[in-house]
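# Residue-level structural notes
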2 protein chains.
Amino acid sequence: MNVIRDRIGTRNLLAGDRLPSIRGFARQMKVSNSTVVEAYDRLVAEGVIQARRGSGFYVAPHTAPLSIARIGPKLDRAIDPFWVSRQSLDARPDMLKPGCGWLPADWMPETAIRRALRKLSRADDATLVDYGTPLGLASLRHFLSRRMAGYGIDAHPDHLLLTESGTQAIDMLCRFLIAPGDTVLVDDPCYFNFQALLRAHRANIVGVPFTENGPDVGAFARIAVTTKPRLYITNSGLHNPTGASLSPMVAHQVLNIAEQHDLIIIEDDIFADFENTPAPRLVALGGLERVIHIGSFSKTLSASVRCGYIAASADWIDGLTDLKIATGFSGPNLSAELIFAVLKDGTYRKYMETLRDRLARTMTITETRLRNLGITPAINPDAGLFLWCRLPDHMDAATLARNALSDGVVLAPGNVFSISQTAGNLMRFNVAQCQDERIFRVIERALEK
Amino acid sequence: MNVIRDRIGTRNLLAGDRLPSIRGFARQMKVSNSTVVEAYDRLVAEGVIQARRGSGFYVAPHTAPLSIARIGPKLDRAIDPFWVSRQSLDARPDMLKPGCGWLPADWMPETAIRRALRKLSRADDATLVDYGTPLGLASLRHFLSRRMAGYGIDAHPDHLLLTESGTQAIDMLCRFLIAPGDTVLVDDPCYFNFQALLRAHRANIVGVPFTENGPDVGAFARIAVTTKPRLYITNSGLHNPTGASLSPMVAHQVLNIAEQHDLIIIEDDIFADFENTPAPRLVALGGLERVIHIGSFSKTLSASVRCGYIAASADWIDGLTDLKIATGFSGPNLSAELIFAVLKDGTYRKYMETLRDRLARTMTITETRLRNLGITPAINPDAGLFLWCRLPDHMDAATLARNALSDGVVLAPGNVFSISQTAGNLMRFNVAQCQDERIFRVIERALEK
């Protein structure tokens with residue numbers, strides 16, 4: 001392989017040239033014919049050479065050189081709802097990411113995932129190569145149905161639809177439920193990607209002020225009257241970015257307002273496994289006719305294995321299934337098998353317990369470090385990854401984030417989460433990504449600028 | 001585990017009851033404590049019991065019984081563009097599916113997939129658990145860029161975006177390029193899911209009569225003038241359902257019409273690997289400014305591992321990347337790693353050669369068997385899976401499909417592919433799924449009804 005690559009590199013072989021015959025080259029290199037066949041096959045697989053049937057092997061046409069794709073921070077990018085996503089997802093491996101929304105790779109249950117992959121390598125052919133059924137892997141849907149029952153949620157496996165991700169679940173629901181111009185309520189602040197997603201649907205996005213117990217019920221009621229919303233999207237357990245949990249009373253009142261105005265609620269429950277004590281779920285109180293429940297496994301199991309789910313009423317699931325076939329044909333079949341194998345692995349529950357303890361300790365340490373810099377939590381979360389903090393002296397979070405980015409630290413400035421742009425002095429910190437001392441030095445320096 | 005399950009089944013333990021302590025139950029069962037811990041953990045994972053921190057284990061609330069989800073044919077379903085998808089995807093394992101669009105599981109490269117899974121089980125943590133970059137796995141994009149160069153297509157790896165599937169690629173492009181009411185041209189007949197997808201986008205779908213060399217150029221030109229279309233979606237190599245290949249002259253003329261009317265073409269190339277001699281690609285002639293090229297690996301590698309791609313101009317890729325983040329956050333990271341591992345495995349090329357030979361032999365045999373029943377190909381395909389056939393004596397294909405379905409055979413009647421509903425006497429056969437003699441007996445019986 002190296003000899004052929006060298007000949008191409010030194011232009012002794014040009015694009016379109018025929019390679020030496022297998023037998024001839026084997027003799028020349030003093031190796032067996034099968035060694036040359038394997039080397040040529042690998043070069044074909046790499047796209048360096050091409051096989052023409054019955055005629056031999058030829059140097060492939062030139063193509064773009066293997067370069068490092070454009071990665072790393074773009075400092076000139078506007079601080080909009082895409083800012084954190086793109087800076088975090090595009091970050092170079094050496095960058096620090098206290099602003100990102102996920103755990104460090106070495107905090108995830110990689111041993112169970114490796115075990116599940118080895119197990120899958122022995123699965124039957126159909127599992128490995130066939131399309132999944134329209135609703136998605138039955139055993140995983142049964143498992144999720146039972147797990148939801150533990151939260152007081154009554155969702156039959158047939159009322160669960162597997163999707164490519166939690167985000168795709170919300171996206172499908174928006175396609176199914178809203179038309180351009182429809183009003184959709186979100187929390188202010190809320191997960192920034194809700195805004196990006198709703199913009200893609202050309203929705204009229206209205207923010208409801210968020211408190212430490214959930215949305216401000218008085219404001220919610222007034223906004224429902226004036227804007228006639230079709231949907232409300234929220235997190236019940238461990239709200240992103242604040243870490244707050246919904247109180248039972250707020251849950252009850254929000255559902256009453258929803259009933260009154262025929263408003264559908266999408267409850268995004270992706271942080272459920274981080275809770276020590278489960279917060280009330282809107283769907284447990286309001287049922288699947290009023291509340292659609294979605295989730296995924298990206299935060300606690302793997303973000304590389306894509307799989308999410310929707311729990312909704314029977315009528316909607318049937319329509320959503322047609323939409324899923326039309327827009328994606330089939331679902332995350334092998335990923336669902338992998339997720340299910342990890343979830344039913346006896347070690348997952350213990351992993352989550354250890355993870356919650358580790359996060360609690362890390363949160364205490366991070367809070368102390370931030371307080372030393374004059375950065376204080378605006379809300380005290382029960383659990384989870386996030387600390388939603390106020391910066392000292394009316395410091396502008398976007399300016400701080402830009403300064404930190406030029407020092408290789410990705411932060412999450414408050415206004416990317418705020419539809420009213422009233423969180424300019426706030427910042428979301430992911431405590432699990434705050435282990436490196438350098439982060440605090442960079443922030444300290446940036447604060448002094 | 002069985003003892004606890006029995007006690008719950010016989011109502012000796014009710015929902016909410018506390019389970020025996022680990023130590024007590026271990027003594028009772030004469031096993032070690034760790035055996036009980038493992039059994040309880042597995043029951044927790046199965047959702048049968050729940051762990052409450054510091055308090056022990058409890059029987060989980062009741063939930064839906066583990067039933068076989070509603071599967072199998074729905075005979076009363078309308079024969080619409082979803083008919084074949086749902087009947088094929090929902091088919092019971094014992095059903096025969098000459099109407100489906102994929103290979104039997106045991107024709108797929110399962111050995112290479114198993115090897116790739118074992119390899120992935122030893123990958124680094126980040127590969128297994130982190131979100132992918134916005135464009136998707138760089139090594140796979142470089143590989144695809146080189147492979148496309150072999151078809152004369154000039155697509156830089158940075159102009160390639162990985163998606164969840166080929167269907168999702170087209171879906172994203174429709175969201176990006178068309179508004180409700182825009183006219184989109186498709187071939188008549190065309191892959192039925194194009195219609196389902198375009199209906200989800202509320203597009204005005206217009207069919208262009210399809211010939212054995214591609215679309216009817218005269219009709220195409222007239223329709224372009226009268227309907228001012230925004231998009232044309234087609235397969236260049238081995239068209240679905242006809243198996244026809246685009247001729248160079250038709251390709252050239254279609255591009256000229258597209259230029260003249262500022263029409264964008266989406267070229268869906270998922271059957272590329274089945275070709276013996278590549279047909280001309282519209283994107284090779286027209287470039288990425290005019291033609292967007294998409295593909296996936298569902299047909300030749302695995303439909304269970306979801307991964308597709310889009311090749312488009314730099315401007316569009318940037319906008320599509322934001323759309324991908326907003327609607328799915330990240331892409332098929334682990335699936336892309338798996339696909340790449342199989343593609344670069346030296347055995348894939350040989351597998352495809354063997355597969356093409358096998359398909360060619362099977363096509364000859366199937367054609368003979370169908371001719372014996374008076375069913376004759378309307379087009380002679382160069383390669384691929386499909387035979388697009390005319391039924392004897394103006395027999396109605398939908399009636400035949402319904403009759404065959406009640407005998408456990410899923411067929412693909414012509415009109416599900418035809419926007420003008422002019423293919424009532426035609427039927428698509430997947431030769432790879434026609435190996436079982438019973439299929440021909442069922443068709444023979446159904447023809448006689």
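Computed from a predicted structure; not experimentally measured. (Residues numbered from 1 in each chain as written. Chains lettered and ligands numbered in written order. Predicted model: local features only at pLDDT ≥ 70, side-chain atom pairs only at ≥ 80, totals over all residues. Heavy atoms only, no water.)

### Focus on the interface of chain A and chain B
Taken together, the contacts link 108 residues of chain A with 108 residues of chain B. When chain A packs against chain B, the two sides together hide about 8,900 Å² of surface, and 54% of this comes from carbon and sulfur. With a shortest N-O distance of 3.4 Å, Arg86(A) and Asp322(B) are connected by a salt bridge. By residue number, the principal contributor to the side of chain A that touches chain B is helix α13 (residues 314–328) of chain A, which donates 8 residues. (Contact = heavy atoms within 4.5 Å. Buried area = accessible area lost by both parts, 1.4 Å probe. Salt bridge = Lys/Arg side-chain N within 4 Å of Asp/Glu carboxyl O. Helix = DSSP H or I, 4+ residues; strand = E, 2+ residues; numbered from the N terminus.)

### Structural notes on the domain arrangement of chain A
Assigned domains within chain A: domain 1 (2–59), domain 2 (83–107 + 349–448) and domain 3 (110–344). Between the C-alpha centres of domain 1 of chain A and domain 2 of chain A the distance comes to 52 Å. (Domains from an automatic or database assignment.)

### Focus: the nonpolar core
Leu103(A), Leu140(A), Phe429(A), Leu103(B), Leu140(B), Ile310(B) and Phe429(B) are the most contacted members of the largest nonpolar core, which totals 294 residues. With residues up to four places along the chain from it excluded, the contact list for Phe429(A) reads Pro98(A), Leu370(A), Ile375(A), Leu385(A), Phe386(A), Leu387(A), Cys389(A), Leu411(A), Cys434(A) and Ile443(A). (Core = buried A, V, L, I, M, F, W, Y, C linked by side-chain atoms within 4.5 Å. Buried < 20%, exposed > 50% of the residue type's maximum accessible area, 1.4 Å probe, protein only.)

### Looking at the packing of aromatic side chains
Residue and element names in this part refer to chain A. Here the structure, examined in full by the defined rule, presents 30 aromatic pairs over all chains. Among the aromatic side chains, those forming a connected cluster through ring pairs are Tyr191, Phe192, Phe194, Trp388 and Phe417. When the ring centre of Trp107 is taken as reference, the NZ or CZ atom of Arg358 above it lies at 3.8 Å. (Phe/Tyr/Trp six-rings, centres within 6.5 Å; stacked < 30°, edge-to-face > 60°. Lys NZ or Arg CZ within 6 Å of the ring centre and 35° of its normal.)

### Regarding the relation of the copies chain A and chain B
Expressed as a screw operation, the relation of chain A to chain B combines 0.0 Å of axial shift with a rotation of 180°, fitting to an RMSD of 0.1 Å. Considering both components of the superposition, the chain copies are consistent with a two-fold axis. In this assembly the copies share their binding face: 100% of the residues contributing to the interface of chain A also contribute to that of chain B. (Least-squares fit on C-alpha atoms with pLDDT ≥ 70 in both.)

### Details of the sheet that holds strand β9 (residues 291–296) of chain B
Residue and element names in this part refer to chain B. The mixed open sheet is built from 8 strands, whose spatial order is β3-β10-β9-β8-β7-β4-β5-β6. Two strands in the sheet have a free side with no partner beyond their single neighbour: β3 (160–163) and β6 (214–215). As paired strands, strand β4 (residues 183–188) and strand β5 (residues 204–211) are joined by 6 bridges and run parallel to one another. Paired with Asp188 across the two strands is Pro209, which belongs to β5. Lying over the sheet, helix α8 (residues 166–177) contacts β3, β7 (231–234), β8 (264–268), β9 and β10 (308–311), oriented at roughly 150° with respect to β9. Strands in contact with helix α10 (residues 217–227) are β4, β5, β6 and β7; relative to β5, the strand with the most contacts, it is inclined by about 165°. (Pairing = 2+ DSSP bridges. Axes fitted to C-alpha atoms, helices over the stretch in contact; angles between N-to-C directions.)

### Brief notes about the sheet that holds strand β12 (residues 386–390) of chain A
Residues and elements named next belong to chain A. If you trace the 4 strands from one edge of the open sheet to the other, you get β11-β12-β14-β13, paired in antiparallel fashion. In the strand order of this sheet, the two ends are held by β11 (376–377) and β13 (412–413), each with one partner. Here β12 pairs with strand β14 (residues 426–430) via 5 bridges, running antiparallel. Paired with Arg390 across the bridge in β14 is Leu426. Against the sheet, helix α15 (residues 347–372) contacts β11, β12 and β14, and its axis sits at roughly 15° relative to β12.

### A look at unusual backbone geometry
At the junction of Asn240(A) and Pro241(A), the peptide bond is cis and its omega measures out at 15° in the coordinates. Looking at where Pro241(A) falls in the secondary structure, it is placed in the loop between β7 (231–234) and α11 (248–261). With a phi angle near 55°, Lys30(B) is a residue other than glycine that sits in the positive phi range. With respect to the secondary-structure elements, Lys30(B) resides in the loop between α2 (22–29) and α3 (33–46). Residues other than glycine seldom take positive phi values, yet His394(B) does so here, at roughly 55°.

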